[in-house]
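Results of the structural survey
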Amino acid sequence: MTAAQILTLTIDGKHVSGLAHETLLQVALENDIAIPTLCCLEGLSNQGSCRLCMVEIAGTTKPQPACVTLIQEGMVVITQSENLRTYRRTIIELLFSERNHICAVCVANEHCELQTLARDLGVDHISFPGRYPALPVDASHDRFVLDHNRCILCTRCVRVCAEIEGAHTWDIQGRGIRSLITADFNSPWGQSTTCTSCGKCVQVCPTGALFEKGRSVAEMLKKRPSLPYLVSNRTREQQ
Amino acid sequence: MEQQITIEPVTRIEGHAKISLFLNDSGQVADARFQVTQIRGFEKFVEGRPFFEMPSLTARTCGICPVSHELASAKACDQLLAVTIPETAKNLRRLLNWGQLIQSHALSFFYLSAPDLLLGMDHPPETRHFLGIAAQDPQFARDGIRLRQFGQQVIERLAGRRIHPSWVVPGGVNTPLSEETRTDLLNDIPEVKNLALSHLQRFKQSLEQYQEYIEHFACFPSLYLALTNDANTLEHYDGRLRIIDQQGTLLKDSSSPTEYASWIGEAIEPWSYLKFPYYVPHGYPDGMYRVGPLARLNIAARCGTELADRELDAFRALQAGPIQSSFHYHYARLIEILYAVEMIENLLSDPAITDQRVRATAGVNNTEAVGMMEAPRGTLIHHYKVSNDGLIQWANLIIATGHNNLAMHRGILQAAQRYLGHGELHEGLLNRIEAVIRAFDPCLACSTHAVGHMPLDVQLIGPDGTRLKHIRR
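Quick caveat: nothing in here was measured; it's all calculated off a predicted structure.

1. Looking at the overall build of chain B
For chain B, the helix and strand inventory stands at 16 helices and 16 strands. Taking 23 Å as the expected radius of gyration for a compact globule of 473 residues, we find that chain B reaches 22 Å, a close match to that expectation. Referenced to the eigenvectors of the C-alpha coordinate spread, the extents of chain B come out at roughly 70 × 50 × 40 Å.

2. Considering the overall build of chain A
When you go through chain A residue by residue, the secondary structure sums to 6 helices and 10 strands. For 239 residues, the compact-globule formula gives about 18 Å, and the C-alpha radius of gyration of chain A, at 19 Å, lands near that figure. Taking the principal axes of the C-alpha coordinates as reference, chain A spans close to 55 × 50 × 30 Å. For chain A, the proportion of its 239 residues judged to be buried stands at 38%. Sequence-distant contacts in chain A: of pairs separated by 6 or more residues, those separated by 24 or more amount to 63%.

3. Overview of helix α3 (residues 66-81) of chain B
Residues and elements named next belong to chain B. An ideal rise of 1.5 Å per residue puts 22 Å on 16 residues; α3 measures up with 22 Å between its terminal C-alpha atoms. In terms of burial, α3 is largely enclosed, as 15 of its 16 residues are buried. At the exit of α3 stands Ala82, carrying a positive phi of roughly 60°.

4. Quick look at the interface of chain A and chain B
Interface extent is often summarised as the accessible area lost during association of the parts. At the junction of the two partners, chain A supplies 13 residues and chain B supplies 17 residues. Broken down by class, the residue content of the side of chain A that touches chain B amounts to 8 nonpolar, 3 polar and 2 charged.

5. A closer look at the sheet that holds strand β8 (residues 250-253) of chain B
The strand order across the open sheet formed by 4 strands is β8-β7-β6-β11 (chain B), and the pairing between neighbours is mixed. Unpaired on one side and paired on the other, β8 and β11 (289-290) of chain B mark the two borders of the sheet.

6. Structural notes on the sheet that holds strand β12 (residues 368-375) of chain B
Residue and element names in this part refer to chain B. Spatial ordering of the open sheet is given by β12-β13-β14, a layout of 3 strands whose pairing is antiparallel. If you trace the sheet from one side to the other, it starts and ends with β12 and β14 (392-398), each paired once. Across the sheet, the mean angle from the axis of one strand to that of its neighbour is 15°, orientation sign disregarded. The pairing of β12 with strand β13 (residues 378-386) spans 8 bridges and is classified as antiparallel. From the neighbouring strand, Met373 faces β13, where its bridge partner is Leu380. Strands β12 and β13 of the sheet are contacted by α3, whose axis makes an angle of about 150° with β12.

7. Observations concerning the nonpolar core
Counting residues in hydrophobic clusters, the biggest one holds 200 residues, and the most contacted among them are Cys157 of chain A together with Ile335, Ile412 and Ala416 of chain B. The contact partners of Ile335 of chain B, leaving out residues within four places of it in the chain, are Leu200, Leu297, Ala308, Glu311, Leu312 and Phe315 of chain B.

8. Side note on the packing of helix α14 (residues 405-419) of chain B against helix α15 (residues 427-440) of chain B
Residues and elements named next belong to chain B. Close contact between α14 and α15 brings their axes to 9 Å; oriented N to C, the two are set at 155°. Considering the angle they form, α14 stands roughly antiparallel to α15. Where α14 crosses over α15, the handedness of that crossing is right-handed. Every residue of α15 that contacts α14 at Met408, Gly411, Ile412, Ala415, Ala416 and Tyr419 is listed here: Leu429, Arg432, Ile433, Val436, Ile437 and Phe440.

9. Considering the domain arrangement of chain A
Residue and element names in this part refer to chain A. Domain annotation for chain A reports domain 1 (6-80) and domain 2 (99-238). A C-alpha centroid distance of 26 Å is found between domain 1 and domain 2. Across the boundary between the two partners, domain 1 contributes 11 residues, which contact 14 residues of domain 2.

10. Some points on the environment of Ser20 of chain B
Relative to the assigned elements, Ser20 of chain B resides in strand β2 (residues 17-23). Every residue in contact with Ser20 of chain B, bar those within four places of it in the chain, is listed here: Arg33, Gln35, Gln459 and Ile461 of chain B.

11. A look at the packing of helix α11 (residues 306-316) of chain B against helix α12 (residues 329-349) of chain B
All names here are of chain B. Axis separation between α11 and α12 bottoms out at 8 Å; the angle between their running directions is 165°. Judged by the angle between their axes, α11 and α12 are roughly antiparallel. For the pair α11 and α12, the sense of crossing is left-handed. In contact with Leu307, Ala308, Glu311, Leu312 and Phe315 of α11, α12 contributes Tyr331, Ile335, Leu338, Tyr339 and Glu342. Among the residues forming the contact of α11 with α12, the class breakdown is 8 nonpolar, no polar and 2 charged.

12. Topic: the confidence of the model for chain B
All names here are of chain B. Taken residue by residue, chain B gives an average pLDDT of 89. The fraction at 70 or more is 91%. A low-confidence stretch, residues 1-12 stays under pLDDT 50, and its non-local contacts, those more than four residues away or across chains, total 27 contacts. pLDDT under 50 marks residues 448-454. Its contacts with residues more than four places away, or in other chains, come to 31 contacts. Reported for the predicted complex are a pTM of 0.91 and an ipTM of 0.90.

13. Side note on the environment of Thr8 of chain A
Residues and elements named next belong to chain A. Take Thr8: it is sitting in strand β1 (residues 6-11). With 63 residues separating them along the chain, Thr8 and Ile71 place their C-alpha atoms 8.4 Å apart. Beyond its immediate chain neighbours, meaning those up to four positions away, Thr8 contacts His15, Ser17 and Glu73.

14. Some words on unusual backbone geometry
Cis geometry marks the peptide bond from Tyr284 of chain B to Pro285 of chain B, where omega comes out at 5°. Take Pro285 of chain B: it is sitting in the loop between β10 (276-279) and β11. Non-glycine residue Glu110 of chain A carries a positive phi angle of around 75°. Structurally, Glu110 of chain A is set in the loop between α2 (82-98) and α3 (113-120). We classify Glu110 of chain A as partly exposed; it has 14 C-beta atoms within 10 Å. With a phi close to 65°, Thr155 of chain A is a non-glycine residue in the positive phi region. Tracing the sequence through the fold places Thr155 of chain A in the loop between β7 (144-147) and α4 (156-165).

Calculation notes
- Residues numbered from 1 in each chain as written.
- Chains lettered and ligands numbered in written order.
- Predicted model: local features only at pLDDT ≥ 70, side-chain atom pairs only at ≥ 80, totals over all residues.
- Helix = DSSP H or I, 4+ residues; strand = E, 2+ residues; numbered from the N terminus.
- Rg over C-alpha atoms; globule rule 2.2 N^0.38 Å.
- Buried ≥ 20, exposed ≤ 12 C-beta atoms within 10 Å, placed from the backbone.
- Contact = placed C-beta atoms within 7 Å.
- Expected span 1.5 Å × (residues − 1).
- Nonpolar A, V, L, I, M, F, W, Y, C, P; charged D, E, K, R; others polar.
- Pairing = 2+ DSSP bridges.
- Axes fitted to C-alpha atoms, helices over the stretch in contact; angles between N-to-C directions.
- Core = buried A, V, L, I, M, F, W, Y, C linked by C-beta atoms within 7 Å.
- Parallel < 35°, antiparallel > 145°, perpendicular 65-115°, else oblique.
- Left-handed = near helix turned anticlockwise from the far one by under 90°.
- Domains from an automatic or database assignment.
- pLDDT = per-residue confidence, 0-100.

Here you go:
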């Protein structure tokens, strides 16, 4: 077994080091350097889709997503700049304008990662016109509800269901702006033959898109499962 | 020559409205229209939403009485769950409602109507407002603020915030009352009870000087509608819907909430977004009825608390049978404030109010339900139909101000015939018409389910339809 290669780099002027297989986001977090994220969740594969973790790397012209960029020897990285803050605020504004995010009457009000990020990034208004799409709510499941109006398509639910639970009930249907989370082959969730009703998707959802039935406004406090712990136990069992 | 006077903005009513007065050939006011000029469409956009959202979603109809919408909605949702909610939860909801009743009534009387009463209808409009009161009678203003503050604090201490709390949920409330909050609120009672009593006495002593307004501010016989309970005492949260006629004779005592639709009709006029509810057996518009504090005191046999009952006796002595003048909405409001303070004290004095069981849980067990309660301005009805999954398919909301629409029209006509049509239209006369509307304390924002502050137009229209005069402010 070969020792893991240790690389050194600079993040926000701080000299740090990490293993060669680590991402910029991992190394930043290990060194208490905060980078905003939304689609990323420890224990799940990273897909780099929300683009909130974009950072500037010396020698490259375009910002790179920290969650899927591996560290390199001698890298010089900036995680906070006016440009990056503008990008991040714009991403949040676009997410809000894309669907019907009505925080005041949302089950996840005050417990929502999108709302928290908006607050942290100083998003106090949306400069894009809202699309206000007419989207359904799927309340066919006995215990849970899917509200497409609050979904940001981060795919945490898809990944946790496929990678941790192994059911792969959730997927994405449609393309581009018409993309929607879908159960099985576009079935009502309550009729899904693959769903185990484990509820992991609900707990990892960063917004009020997936919630427990019977929760009223501001009552959906998500209990994040320790995914690395689940992965570790299941891997051990398989061995 | 057509004269146009613009007075803008109109203050001291809630919502947007326009008044048109129609003259006959002899120049007398023949008809009046109170036109509410915008819509919000809550009934439509709640469709498709989970019913668990409804108490908080419909609360956004209003910033003054969100608690009323939360309670009417939650009561409907309780029925969708088919549960009997814990007694403590019911009493906590009652406390919340009385807190709101106090703050809303204090707002109506001390902030919105007192400038007319204390400073005078013809007082210059530049200072005919609450700050004008504060300059002339600072203690009166302070007392009004304190009473409203107490009502708001009841809401805040129970529900976590003063406006749009999300504490009321289908099945009950989401947190019990702490012993500390119970003690804090009880400590405030003696002070606010004294304030309520002293301003009631002051108002009663001043009644003689308002005789002109008592006789001409929507003073006519009508039907009255309110909730009532088995003991026939003043009821704001629960009970049956009852309607009485102008002599006080019982016309209808509803046994089932869903029955309302068979005897309350909602007429629509093309010139207003505010519907015109009427008592179906009497037809439209003869089925005019009034709701709110005046109707509640006309319908209840007694209040059920010592001080308020004593005041109710004096109120009843004003007239044989139901009190007819809408000016006495003010009087009724002050009695209700006193009653609410006494009831808050009664409920908080029982240690059971801090019981920890405050919520019943269940799934969808009914697909149609009606929730009714008495909002500060009158009976509030929320009627929902949901899918088997609990998504709203249809909603009908009848708001207190809507019930009073026909009576407000009639009141404006009565005041206009008294004060206009004989010469120059001037601001003081216009203010008398506004004061009639204020007596009802309408919330147009609620009742058209509208937003914003309220430009009030008055148009004087000749028999040929031409606009003779226009006052806007």
